[in-house]
Structures are given as structure tokens and as C-alpha cells.
Amino acid sequence: MNKKLISLLLGAALLPATAMATTEKSDEEIIQSLYRGGYAYWQQLRNDNGSYEDKLFLDGQHDSRGSIANSGMGLIALTIGHANGWEPEAEAMALQTLRKLAGQDPEITVAQNATNTFIHFYNTETGEAIGDDWSPVDSAIMICGALFAKNYFADNEEIAALADFLYQNTDLTQYIADVRTGRIYLAQHTDGSFKPHRTKAFNEYMLVASIANQQAKDFENALNGENARKFWDIWYANTRYLPVAKYNDIPVLSEGERWFTSQFNFLFNNYLLHDFSNNPQFVEALENSAKADFAFWRDLEIEGLQEYEWGSGAGACPDGYCVDRFHFDGDRQFNHNLVVSPHILAGYIPYNDRALNDLIATYRDDSINARHELEGGYEILWRYSYDEPNWKANYIEGVDFSTFLFGIAAMPEHLGVEFFNTHNNYFGH
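I will try to describe carefully the structure that is included in this document. (Residues numbered from 1 in each chain as written. Predicted model: local features only at pLDDT ≥ 70, side-chain atom pairs only at ≥ 80, totals over all residues. Heavy atoms only, no water.)

## What to know about the overall build of the protein chain
Step number 1: Across its full length, the protein chain holds 15 helices and 16 strands.
Step number 2: A globule of 429 residues ought to have a C-alpha radius of gyration of about 22 Å, and the protein chain, at 21 Å, matches this closely.
Step number 3: Sorting the 429 residues of the protein chain into buried and exposed places 60% on the buried side.
Step number 4: Restricting the contact set of the protein chain to residue pairs at least 6 apart, pairs at least 24 apart contribute 65%.
Step number 5: Summing over all exposed atoms, the protein chain offers an accessible surface of approximately 16700 Å²; the carbon and sulfur share of this is 46%.
Step number 6: Of the charged side chains in the protein chain, 30 are positive and 60 negative; the average position of the first set lies 5 Å away from that of the second. (Helix = DSSP H or I, 4+ residues; strand = E, 2+ residues; numbered from the N terminus. Rg over C-alpha atoms; globule rule 2.2 N^0.38 Å. Buried < 20%, exposed > 50% of the residue type's maximum accessible area, 1.4 Å probe, protein only. Contact = heavy atoms within 4.5 Å. Areas by Shrake-Rupley, 256 points an atom, 1.4 Å probe, with all protein chains shown as cover. Lys, Arg positive; Asp, Glu negative; His and termini not counted. Charge placed at Lys NZ, Arg CZ, Asp CG, Glu CD.)

Dropping the structure here:
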């Protein structure tokens with residue numbers, strides 16, 4: 001018997017005040033419940049030693065696989081919890097996580113390779129690497145989270161010193177592979193040699209390019225500083241040279257003109273990078289990506305699909321793990337399970353007129369497997385499949401779920417977009 005059914009049988013009296021029957025809740029109560037639940041997720045993903053698991057299992061499992069990206073997202077979540085009064089000890093918790101990342105925790109040190117790039121996945125009990133994926137983008141997300149915490153806890157000198165150390169000690173300029181074609185290496189081996197696979201702008205590797213560009217400016221000994229600066233100036237100083245794919249005449253930034261990227265690329269860049277969130281060209285691109293996503297789901301013309309059901313993202317799916325994206329004319333080849341991502345909807349709330357009401361409508365729809373109950377009765381929404389309506393995810397990946405909390409936090413009646421646009425200004429632009 002799953003937790004949801006158990007809680008319904010026990011009755012609402014045993015749950016937090018927010019966990020009332022769906023029909024009894026006002027729209028505001030639903031959003032407040034989801035907001036608090038979105039943060040409770042990060043409380044439950046965090047370990048006592050300050051590490052963050054890769055995913056939160058909803059069936060009692062635990063596999064000790066940590067994610068370096070989730071350390072960064074978790075640090076940002078701590079600032080949101082502190083700003084709302086939900087996490088009074090957030091400053092001390094941020095320090096604990098940063099000490100662990102910086103190698104100053106005697107109990108656990110997270111693995112880095114020969115060039116100080118962090119491993120994507122690691123054992124949260126020992127710090128040992130899991131696999132051979134030394135990842136620049138996961139390292140970049142971690143650095144962004146550290147610098148975000150530095151800006152938020154601005155009076156804490158130790159947090160500032162640890163965040164600065166991580167920024168200085170993790171040289172991402174080396175990952176610029178080809179300035180002319182806009183290529184960035186996806187990963188290194190343990191010895192620091194590069195794996196052959198490379199990615200092309202536009203995608204979430206804008207995070208790598210942004211950190212690398214600033215490192216090139218700040219450090220004369222940056223490994224590939226000149227190319228890192230050229231790369232940024234050509235590809236990301238503005239949107240001029242980035243590829244555009246049009247969906248129903250809506251221009252959408254992508255890696256090429258013939259396909260689209262997953263929506264989390266826009267949202268990660270927006271919430272973590274001032275170079276994105278403070279640039280009207282990129283904000284417009286974000287808004288267009290939401291419009292195109294909504295249009296795609298309408299073009300599917302599936303019987304029973306409601307207007308409020310859209311959102312193309314990544315995470316658990318009936319096939320295991322999927323990075324879903326839309327394609328031209330309702331072509332479902334890149335989301336063959338037709339998985340809807342409410343965390344993408346939430347991330348778009350400050351930038352799309354219908355996203356908030358559609359998220360609320362998703363919550364109210366008892367016919368879909370979107371609602372999940374966390375330990376303690378907290379509620380969140382997660383991915384569900386139109387092709388496999390009986391499927392319900394038994395785990396939730398942190399890095400993908402992050403936009404659920406960030407989007408609700410960015411609502412004007414909560415912390416607002418300026419909370420992010422202020423604290424993601426790591427270098428005083």
C-alpha cells in the first residue's frame with residue numbers, strides 16, 4: 001500500500017494543515033502547499049553530512065548515490081528555505097555542505113579528477129566517485145550554488161571564502177573545445193583527458209561557458225582563458241549567432257534549426273545565471289520556449305488531453321530516465337511516452353501568463369498521477385505519462401525537480417524574480 005493511500009485512509013487530521021482535500025483548497029492554499037512541499041523535498045534529499053542524494057525515493061529505498069549538481073541546487077534551496085523562515089539553521093547547513101565540497105570535512109571529501117573537475121555522481125557516505133563522468137556542467141551548477149549562497153549569506157566570511165575557493169579551484173575554461181563551431185566538451189576521464197563527445201550552443205552548457213568566461217577574466221593562469229572569452233563573446237554575449245528553430249513561427253533557441261532542446265535548459269540558465277536572467281534577449285527566448293511548448297502539446301490532438309497539460313522536461317519516465325523535448329507539428333518522437341512535466345510549468349510561472357493556473361489545475365486533476373506525498377504529508381507535483389496512465393514514478397531526481405521550487409519562489413507574492421536576479425549576480429555585472 002503506497003503512502004498516498006495510507007494517508008487518505010488515516011484521514012486529514014494526521015497531515016499538515018496544507019494537506020486538505022483537493023476540492024476544499026483555494027488556489028492560494030494549493031500554491032502555498034506546493035511551495036512548502038517543494039522545499040520539503042530538498043530537506044528530505046539532504047543527508048546529515050551535508051551531501052545531497054541524486055534522487056529522492058518515494059518507496060523507502062536508498063542507494064547513497066549523490067549528485068554534485070544537487071549540492072549546488074541544494075545550496076540555493078537553503079537560501080529559499082531561510083528567506084521563508086522554514087530553515088533557521090540554513091547558514092550553518094550551507095557551511096557544512098561547502099566545507100565538504102572544498103575538502104575541509106574530515107569525514108568525507110568529494111572526488112575530483114586530475115584537473116579538479118568534480119565527479120557527477122559520488123557515494124554520499126564515502127565521497128568516492130561513482131563512474132568516470134567528470135562533469136563540467138555539474139561542476140558549474142555546484143559553483144553557481146556556492147556563489148549564490150555567498151551572495152545571500154553576505155556577512156558570512158567563511159561561506160564567501162569557501163565559495164571563492166571552489167570557483168578558483170575548478171577551472172572550466174579547459175572545456176572550451178571549438179570556438180568557431182561553439183563546441184564544449186561534455187566530460188573528462190579521471191586522468192584529465194577529454195572524452196570525445198562535445199555539445200553545441202544553445203543548451204545548459206551556457207553555465208559552463210559563463211563560469212569559464214569569468215575565470216578567464218579573473219585568472220591569468222586559466223588553462224584556456226583566451227578561447228573561453230572568445231567563446232562567450234561569440235555565442236553568449238547575445239543571441240545573435242545562436243541557432244533558432246521555429247515552432248509554428250515561434251522562434252526557439254536550440255542547438256540547431258531542425259530540432260528543439262529540452263525546456264530545463266532555459267530554466268536552469270535563467271535561475272542560475274545573471275547573464276541570462278538580466279538579458280532581455282534571453283528572457284524573451286525563455287518566454288518563447290514556453291509558448292512553443294504549449295503549442296506542441298495542443299498539436300498532439302490527443303483525446304482527453306486538457307489545456308493545462310504541457311511541459312517538456314527531464315526526469316523519471318516509464319522507460320527509466322528520459323530527457324523529453326517537443327518536435328515540429330506535434331511529432332512525439334522525442335517524448336514517445338508523452339510525459340508531462342509539472343516542474344517545467346512551475347519554472348515558467350513568472351514568465352508565462354497561464355503557467356500558474358495550469359499548475360493549479362494539474363493539482364486538482366485526480367485522474368492523472370501527478371500528485372505525490374512526501375514524508376510528513378507534504379505535497380508536490382511530478383511527471384506523469386499520457387501513454388502509460390497507470391505509471392507513477394517512485395523517485396524524483398533533484399536537479400530536474402529544482403525548477404519546481406525556483407519557479408514558485410519567483411512569484412511576486414513570494415520572493416520574486418529579483419531574488420534570483422540579485423543573488424545570481426555573482427560577479428557584480
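There's more to say after this.
## A short note on the sheet that holds strand E7 (residues 198-200)
Step number 1: Strands sit in the order E5-E6-E7 across an open sheet of 3 strands; the sheet is antiparallel. Because the sheet does not close on itself, it has two edges, and the strands there are strand E5 (176-178) and E7. Shown here is a sheet whose adjacent strand axes are inclined to one another by a mean of 40°, direction ignored.
Step number 2: Strand direction decides the pairing type here: E5 and strand E6 (residues 183-185), joined by 2 bridges, are antiparallel. Looking at the pairing, Asp-178 lines up with Arg-183 of E6.
Step number 3: Contacting E5, E6 and E7, helix H8 (residues 225-235) crosses the sheet at an angle of about 70° to E5. (Pairing = 2+ DSSP bridges. Axes fitted to C-alpha atoms, helices over the stretch in contact; angles between N-to-C directions.)

## What to know about the packing of helix H9 (residues 264-272) against helix H11 (residues 280-299)
Step number 1: Two numbers describe how H9 lies on H11: the axes approach to 10 Å, and their chain directions differ by 145°. Crossing hand, H9 versus H11: left-handed. Where H9 approaches H11, its residues Phe-266, Leu-267 and Asn-270 are matched on the opposing element by Ala-285, Leu-286 and Ser-289.
Step number 2: Its residues assigned to classes, the contact of H9 with H11 comprises 4 nonpolar, 2 polar and no charged. (Left-handed = near helix turned anticlockwise from the far one by under 90°. Nonpolar A, V, L, I, M, F, W, Y, C, P; charged D, E, K, R; others polar.)

## What to know about the nonpolar core
Step number 1: Formed by 137 residues in total, the largest nonpolar core has its most connected members in Tyr-236, Leu-272, Leu-359, Ile-408 and Phe-420.
Step number 2: The greatest single-element share of this core, amounting to 11 residues, is contributed by helix H5 (residues 136-152). (Core = buried A, V, L, I, M, F, W, Y, C linked by side-chain atoms within 4.5 Å.)

## Concerning the side chain of Gln-188
Step number 1: Looking at the secondary structure, you find Gln-188 in the loop between E6 and E7.
Step number 2: The contact partners of Gln-188, leaving out residues within four places of it in the chain, are Asn-113, Thr-115, Thr-117, Asp-132, Asp-133, Trp-134, Gln-174, Tyr-175, Ser-193, Phe-194 and Lys-195.

## What to know about the sheet that holds strand E2 (residues 65-67)
Remark on secondary structure: sheet strands pair via backbone hydrogen bonds, oriented parallel or antiparallel.
Step number 1: One open sheet holds the 3 strands; their spatial order is E2-E3-E4, and the pairing between them is antiparallel. One side of each edge strand has no neighbouring strand; the edge strands of this open sheet are E2 and strand E4 (129-134). The average undirected angle you get between the axes of adjacent strands in this sheet is 20°.
Step number 2: Here strand E3 (residues 119-123) pairs with E4 via 3 bridges, running antiparallel. Paired with Phe-121 across the strands is Ile-130, a residue of E4.

## Some remarks on the state of the cysteines
Step number 1: Inspection of the entire model under this criterion finds 1 disulfide.
Step number 2: Through a disulfide, Cys-317 is tied to Cys-322; the S-S separation comes to 1.9 Å. Here Cys-317 and Cys-322 share a disulfide; its torsion about the S-S bond, 50°, makes the bridge right-handed.
Step number 3: What makes Cys-317 buried here is its relative accessible area of 4%. (Disulfide = S-S within 2.5 Å.)

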